[in-house]
Amino acid sequence: MNEFALIIRRDMISKDATPSPEQMQAAIKPFQDWIGGIAAQNKLVAPPKRWDSDGRVVKEDNVVTNGPYVEIKESVGGLFLIRAENYEEAVEIAKGCPILKWGASVEVRMAVPTE
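Thresholds applied
Residues numbered from 1 in each chain as written. Predicted model: local features only at pLDDT ≥ 70, side-chain atom pairs only at ≥ 80, totals over all residues. Heavy atoms only, no water. Salt bridge = Lys/Arg side-chain N within 4 Å of Asp/Glu carboxyl O. Helix = DSSP H or I, 4+ residues; strand = E, 2+ residues; numbered from the N terminus. Buried < 20%, exposed > 50% of the residue type's maximum accessible area, 1.4 Å probe, protein only. Pairing = 2+ DSSP bridges. Core = buried A, V, L, I, M, F, W, Y, C linked by side-chain atoms within 4.5 Å. Contact = heavy atoms within 4.5 Å. Phe/Tyr/Trp six-rings, centres within 6.5 Å; stacked < 30°, edge-to-face > 60°.

A. Structural detail: the pattern of salt bridges. In the structure shown here, the tally under the stated rule is five salt bridges. For Lys29, the salt bridge is made with Asp33, and the minimal N-O distance between the two is 2.8 Å. Here the residue Lys29 and the residue Asp33 both occupy positions in helix α1 (residues 21-40), the gap between them amounting to four residues, near one helical turn. Of the residues examined, Asp33 reaches a relative accessible area of 44% and is grouped as partly exposed. We note a salt bridge from Lys43 to Glu89, for which the minimum N-O separation is 2.1 Å. Here Lys43 is found in the loop between α1 and β2 (44-50), whereas its partner Glu89 is found in helix α2 (residues 87-95), with 46 residues between them in sequence. Here the two residues Lys43 and Glu89 agree in accessibility, since each one is buried. Overlapping salt bridges bring together Arg9, Glu107 and Arg109 as one network.

The structure is reproduced here in structure tokens:
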């Protein structure tokens with residue numbers, strides 16, 4: 001099994017970026033059920049964590065900028081780790097993310113073995 005990061009990206013700054021309380025309520029249960037299904041298959045390595053939209057980028061010569069995506073509207077909204085045999089399986093898991101229907105995207109990245 002390989003480990004994959006599922007990175008949920010969504011619009012964090014436009015006027016329609018913040019879901020209404022009703023939209024949030026409608027999204028919570030399906031998301032929890034989806035995560036629960038991954039955990040029940042013993043494929044959840046690290047549970048989801050939410051990330052703020054602020055962030056900083058540190059560059060050479062100690063240059064620090066606000067970011068990381070000040071020039072675009074999409075940012076990381078959540079990130080967690082799963083186990084899967086390959087990209088195909090990880091992508092199939094990502095396709096089940098109910099947040100997709102709210103305009104988000106899920107980036108799938110495989111951890112590179114250190115050996």
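B. Representation of the pairing of strand β3 (residues 56-59) in the model. Looking at chain direction, β3 and strand β4 (residues 63-66) are connected through four bridges and run antiparallel. Counted as the bridge partner of Lys59 is Val63 from β4. Between β3 and β4, which pair antiparallel in sequence order, lie three residues; one of them, Asp61, sits at a positive phi of approximately 65°.

C. Structural detail: the nonpolar core. Counting residues in hydrophobic clusters, the biggest one holds 19 residues, and the most contacted among them are Leu6, Ile8, Trp34, Phe80 and Ile82. Counting residues per element, the ones that place at least two in this core are β1 (2-11), α1, β5 (74-84), α2 and β6 (105-110). No other element matches α1, which puts five residues into this core. Contacts of Trp34, omitting those with residues within four sequence positions, involve Leu6, Phe80, Ile93, Ala94, Gly96, Cys97 and Pro98.

D. Here's a closer look at the side chain of Lys43. For Lys43, a relative accessible area of 11% translates into the label buried. With sequence-adjacent residues up to four places away left out, Lys43 is seen in contact with Met1, Ile38, Leu81, Ile82, Arg83, Glu89 and Ile93.

E. Representation of the packing of aromatic side chains within the structure. Counting across every chain of the model gives three aromatic pairs. Ring geometry for Phe4 versus Tyr87: centroids 5.2 Å apart, planes at 75°, classification edge-to-face. With Phe4 in strand β1 and Tyr87 in helix α2, this pair connects stretches of sequence that are 83 residues apart. Here Phe4 falls in the buried class, since its relative accessible area comes to 0%. Look at Tyr87 and you get partly exposed, because its relative accessible area is 35%. A ring pair is formed by Trp34 and Phe80, whose centres lie 5.7 Å apart and whose planes are at 85°; its orientation type is edge-to-face. With a gap of 46 residues between them, Trp34 in helix α1 and Phe80 in strand β5 connect regions that are remote in the sequence. Comparing Trp34 with Phe80 shows no difference in burial state: the two are buried. What links up through ring pairs into an aromatic cluster is the set Phe31, Trp34 and Phe80.

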